[in-house]
Amino acid sequence: METTHVTIERASAMPAATWHFLNMNDTQIEMPEGLSIAPAVQVSEPWAARGAADEFENALADAQVEWEKSHPAPTAEELAEREAYVAAEVDATYGGTAQSAYQIAADAIEESRSLAVAFEHGTGDEAAAYLRYAAGDRIVVAVKEGQSVDAQVVVSAVPGAVSAAAVDVIADANSAVNLSLVVDAPTAPGQSGASAGITGTTVRVFADEGARVEIDRTQAVDGDFTDIDDMGLFTAENAQVAVRQTVLGAAASFTGLAGDLRGDSSRIDVDTRYLGHSDQKRDFNYSLRHHGAKTKCNLQANGVLAGTSSKTLRGTIDLIRGCKGAEGSENETVLLVDEGVHNKTVPVILCNEDDVAGNHGATIGHIREEQLFYLASRGLSQQAAESMFASAIVEQAAIDATTDAARESVVRYGERLNPGFADLFEE
Amino acid sequence: MAETKTTVTASGKKRTQVDDVDRSMYDFRYDDADAEKLDAGLTPDIVREISERKDEPAWMLEHRLKSLEIFNSIDMSDWGPSIDGLDMDNIVTYVKPNTDQKSDWESVPDNIKDTFDRLGIPQAERSYLAGVGAQYDSELVYHSMQESAAKMGIVYSGIEEALHGEYADLIKEKFMTLIPPTDHKFAALHGAVWSGGSFVYVPKGVKLDYPLQSYFRLNAKGAGQFEHTLIIVEDDADLHFIEGCSAPKYNVANLHAGAVELFVGKRAHLRYSTIENWSKNMYNLNTKRCRCDEEGEIEWISGSFGSHVGYLYPMSILAGRKARASFTGITFAGRGQNLDTGCKVVLAAKDTSASIETKGISKDGGIQTFRSSVVATPAAEGSRCSVSCQSLMLDDRSRSDTIPAMDIRCKNVDIGHEATIGRIGDDKVFYLMSRGISEEEARTMIVNGFAEPISKELPLEYAVEMNNLIKLEMEGAIG
């Protein structure tokens, strides 16, 4: 079976758009025709943790029932009062509340009171559906209350093929899951890049009360591959999800993560590290929506751009009415190494709750003068210093790898990028 | 004066309530029966008639008609506040007051004179301005400049008057080059029906110690105001220009789609201060742009208070080496308002620098969005830009969004961005109370402190009307 040509027009769209001339609101993903569907996925997890195909949908439906108990629908009187308040000084003859399209869409999602409607995929529904189609059966990791499971999924890039995995994680109350996703390219040097292919994972996470889920995704494919990393997260009360994404390879990579912090005091942490070199393209989209009280999110992105690589990062923290005491934080640091790089960043905070704290920061630039001076005093030229900062991303990824497969993948990539790199990690 | 009180939320936290600002001083209006109005709507005939009434050169009519074509061919942006309540078929694009432009205040008709008297414009002129222009609906009704400024070679006149004078060629060269009609739908509309506005020319090396001020008053119901401001500050010159706007409230939509084009020469400096205080039935779709040459500097001071819907993003194009821009802005959105404001910066030459500091306050269901773009082109080596944006939510019925974009295309730049959003912290109130300050006063002090870095930059001392406005609005916000 071969794929047909598909263009996903508005992948990884940020919830609140801005000027079109910036070309940042979303991205386009080209899925070429003629690719085979390659089942190049290895799964390693205890069979006891295998869940039913509809486990995620069932968990969300159960959560819907519980949520409705604690969040009754507004009464007719309350709705009337709200309407009257808005209408009091807003004359419909000159345009009502004049909400923008995204403000109307956001209200519609809340008014639906549906957890399923509010659940999002970071790269968008279309990209997730493509990966799900290519992946075939879902890998469902279901962990029972109080238990702990380590699982690993390795996706191997095959030239001329789509290699994808669709993973559901359902973590029952107070359980713990460590999921390692490795997207690898075990081709020999010289063979890579011969023909385009697609790798990808689409992951849905349901973290029930008090559950702890850690996901570590490492991507080190090379050549002309396109990689798509799609995630959708749901956190119930006191649940915590921590995601680390390491993006090193692929001619084009698309990373999208959406999270619904629904339960009170739940938390999502995202730590993203990336390297862009030659003419690689990097695209990131994050959308973290705070529904529960005292929820927290923390998004950290650190990357190096070299060569003529380009990167776009859209990060949205949405503090929705009712998430009292919530805290959203987002910080990005980008080091620009070469003249031809192109970096785009749009860190967004949407807020219609006053009892919250939201902050974001971004630092984009070159190596600071004092850093260069220090390195020069140690005999390192500017070029050597720049190269060092770029390879440090790969080195750190190898050091922090949580599984042998992830480490081997990073070291192999580092060696191709910089011969001799593997020597650093020889036993 | 606005009243404040403190209420307790469901979660037990205290919240400062701020009453709406008393806008009665702006809401007076006069019958416009004596004014000449063109038909509502937008047609080539209306555009031709505007041009004919102004006895314009042929190129301007051509420009207007081309702009109208562009207006009809492009869509409204899909990312900002809705403008569904604005029906162009009902907007009167040209309203001529029952007078010609005067340079003697006493000759201005009583109703118009009374309007500007009540807004404090003549007092301001006498006290501390080097020149004043006053526009009423579509036309300037008064323009004057101190003799000393004229002797320095400074030109400050109506732009239409200047189109017939010695600067006609210069205006033709610059007009709508920074804001081309293709830029967006309402830039095209402006190009088609613009009327009134000021032309300022500051010759090389001339530094004016006192500001010039233009005041725009839209009196007619269901009308649009489309003034064009063109300012050229030549090399090594210096100018402070103040712009003020207001309108009475009606129960139909009014439209303001002005354009401001600023050219700052080498080592020149321009400070452009604006208070936009339109009534809450106004769609304010204003466009402002500045180009700075080598070592030139533009300072924007911007206060956005009124309007039902606002789209306002002054843009600085730093085209010359070491050109600088700063933007200091505050936006206050109350009930029934959706104000989308911010700024744009293009770092387009070596060693340029920009600094952006904004504050936003939203209350009573108001929606306030800070939107910005910082673009560093490949030519911007050695440039730097810092963006700081703080938003304060005074209740949980309101909305405050921050959408800052950065597009960096070169290596040796330093771009920093930071933003915070939240409410008045209980810990801060507690600290002040432990120093013997009452709770209400503590909350007032905190909000006052929040707005202070911006409000201290506003030209309070320059115009009585603005003084009143800031007093009302800020006291409204801070109790």
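Residues numbered from 1 in each chain as written. Chains lettered and ligands numbered in written order. Predicted model: local features only at pLDDT ≥ 70, side-chain atom pairs only at ≥ 80, totals over all residues.

Overview of the overall build of chain B
Looking only at helices and strands, chain B has 11 helices and 27 strands in total. Counting all 479 residues of chain B, 61% fall into the buried class. Long-range pairs, those at least 24 residues apart, make up 81% of the contacts in chain B with a sequence separation of at least 6. (Helix = DSSP H or I, 4+ residues; strand = E, 2+ residues; numbered from the N terminus. Buried ≥ 20, exposed ≤ 12 C-beta atoms within 10 Å, placed from the backbone. Contact = placed C-beta atoms within 7 Å.)

Details of the overall build of chain A
Check the secondary structure of chain A and you find 8 helices and 20 strands. Relative to its length of 427 residues, chain A is compact, with a C-alpha radius of gyration of 22 Å against a globular reference of 22 Å. Seen through its C-alpha atoms, chain A measures out along the principal axes to roughly 70 × 55 × 40 Å. A total of 427 residues make up chain A; the buried ones form 52% of that total. Put simply, of all contacts in chain A between residues at least 6 apart along the chain, 83% involve residues at least 24 apart. (Rg over C-alpha atoms; globule rule 2.2 N^0.38 Å.)

A look at the interface of chain B and chain A
Facing 53 residues of chain B, the contacting portion of chain A comprises 53 residues. Examining the composition of the side of chain B that touches chain A, we find that 10 residues originate from one element, strand 26 (residues 399–408) of chain B, more than from any other. In terms of residue class, the side of chain B that touches chain A is made up of 19 nonpolar, 19 polar and 15 charged. (Nonpolar A, V, L, I, M, F, W, Y, C, P; charged D, E, K, R; others polar.)

So, the packing of helix 7 (residues 382–400) of chain A against helix 8 (residues 404–417) of chain A
The relative placement of two packed helices is expressed as an angle between their axes plus a distance between the axes. Residue and element names in this part refer to chain A. As a packed pair, helix 7 and helix 8 sit with axes 8 Å apart at the nearest point and diverge in direction by 160 degrees. On the basis of the axis angle, helix 7 is roughly antiparallel to helix 8. Along this stretch, helix 7 crosses helix 8, giving a crossing that reads as left-handed. Between helix 7 and helix 8, the residues in contact are V394, A397 and A398 and R407, V410, V411, Y413, G414 and L417, respectively. (Axes fitted to C-alpha atoms, helices over the stretch in contact; angles between N-to-C directions. Parallel < 35°, antiparallel > 145°, perpendicular 65-115°, else oblique. Left-handed = near helix turned anticlockwise from the far one by under 90°.)

A short note on helix 6 (residues 369–377) of chain A
Of all 9 residues that make up helix 6 of chain A, 0 are buried, and the element is exposed over most of its length. Of the residues one or two after helix 6 of chain A, G379(A) is the one with positive phi, at around 90 degrees.

Considering helix 2 (residues 58–73) of chain B
All names here are of chain B. Here helix 2 is 16 residues long and its end C-alpha atoms lie 23 Å apart, about the 22 Å a rise of 1.5 Å per residue gives. By the burial criterion, the buried members of helix 2 are H63, R64, S67, L68, I70 and F71. Here the buried residues of helix 2 occupy an arc of 165 degrees about the axis, which is enough to place them on one side. Residues of helix 2 that are exposed and point more than 90 degrees away from the buried face comprise A58, W59, E62 and S73. (Expected span 1.5 Å × (residues − 1). Arc of directions from axis to C-beta.)

Thoughts on the packing of helix 1 (residues 44–53) of chain B against helix 2 of chain B
Residue and element names in this part refer to chain B. Helix 2 packs onto helix 1 with a crossing angle of 155 degrees between their chain directions and a minimal axis gap of 10 Å. Looking at the two axes, helix 1 sits roughly antiparallel to helix 2. Where helix 1 crosses over helix 2, the handedness of that crossing is right-handed. On helix 2, the residues touching P44, V47, R48 and S51 of helix 1 are M60, L61, R64, L65 and L68. Among the residues forming the contact of helix 1 with helix 2, the class breakdown is 6 nonpolar, 1 polar and 2 charged.

Observations regarding the domain arrangement of chain A
Taken domain by domain, chain A holds domain 1 (35–57 + 115–379) and domain 2 (74–112). Computed from C-alpha atoms alone, the centre-to-centre distance between domain 1 of chain A and domain 2 of chain A is 34 Å. (Domains from an automatic or database assignment.)

What to know about the nonpolar core
V141(A) and V169(A) are the most contacted members of the largest nonpolar core, which totals 248 residues. Per-element tally for this core: the top contributor is strand 7 (residues 161–171) of chain A, with 9 residues. (Core = buried A, V, L, I, M, F, W, Y, C linked by C-beta atoms within 7 Å.)

Notes on the environment of L179(A)
Summarising the element assignment, L179(A) is placed in strand 8 (residues 176–184). With 12 residues separating them in the primary sequence, L179(A) and V167(A) have C-alpha atoms 9.9 Å apart.

Brief notes about the pairing of strand 23 (residues 353–362) of chain B
All names here are of chain B. Where burial is concerned, most of strand 23 is hidden: 7 out of the 10 residues are buried. Sheet topology note: the strand 21 (residues 324–333)/strand 23 ladder contains 10 bridges and is parallel. Within the sheet, the bridge partner assigned to T331 lies in strand 23 and is G360. (Pairing = 2+ DSSP bridges.)

As for the confidence of the model for chain B
Residues and elements named next belong to chain B. The pLDDT averaged across chain B works out to 83; a share of 82% of its residues lies at or above 70. This stretch, residues 460–479, has a pLDDT under 50; its non-local contacts, to residues over four places away or in other chains, come to 62 contacts. Prediction confidence for the complex, expressed as pTM and ipTM, is 0.90 and 0.93 respectively. (pLDDT = per-residue confidence, 0-100.)

Details of the environment of Y272(B)
In this fold, Y272(B) is placed in strand 15 (residues 269–277). Contacts of Y272(B), omitting those with residues within four sequence positions, involve F241(B), L262(B), I298(B) and W300(B).

Some details on unusual backbone geometry
Residues and elements named next belong to chain B. Of note in this structure, D351 is not a glycine but carries a positive phi near 55 degrees. Within the secondary structure layout, D351 lies in the loop between strand 22 (338–347) and strand 23. With a phi close to 55 degrees, D364 is a non-glycine residue in the positive phi region. The residue D364 is located in the loop between strand 23 and strand 24 (367–376) in this model. Among the residues examined, D364 registers 20 C-beta atoms within 10 Å and is labelled buried.

What about the pairing of strand 6 (residues 148–156) of chain A?
Pairing analysis gives 4 bridges linking strand 4 (residues 41–44) of chain A to strand 6 of chain A, with the strands arranged antiparallel. What sits directly across from V43(A), in strand 6 of chain A, is V153(A).

Focus: the environment of T4(A)
Within the secondary structure, T4(A) is located in the segment before strand 1 (6–11). Taking the C-alpha atoms as reference points, T4(A) and P32(A), separated by 28 residues in sequence, lie 6.8 Å from one another.

With respect to the confidence of the model for chain A
Of all residues in chain A, 94% have pLDDT values of 70 or greater, and the mean over the chain is 90. Across residues 189–194 of chain A, confidence stays below pLDDT 50; counting only partners more than four residues off in sequence or on other chains, it has 9 contacts.

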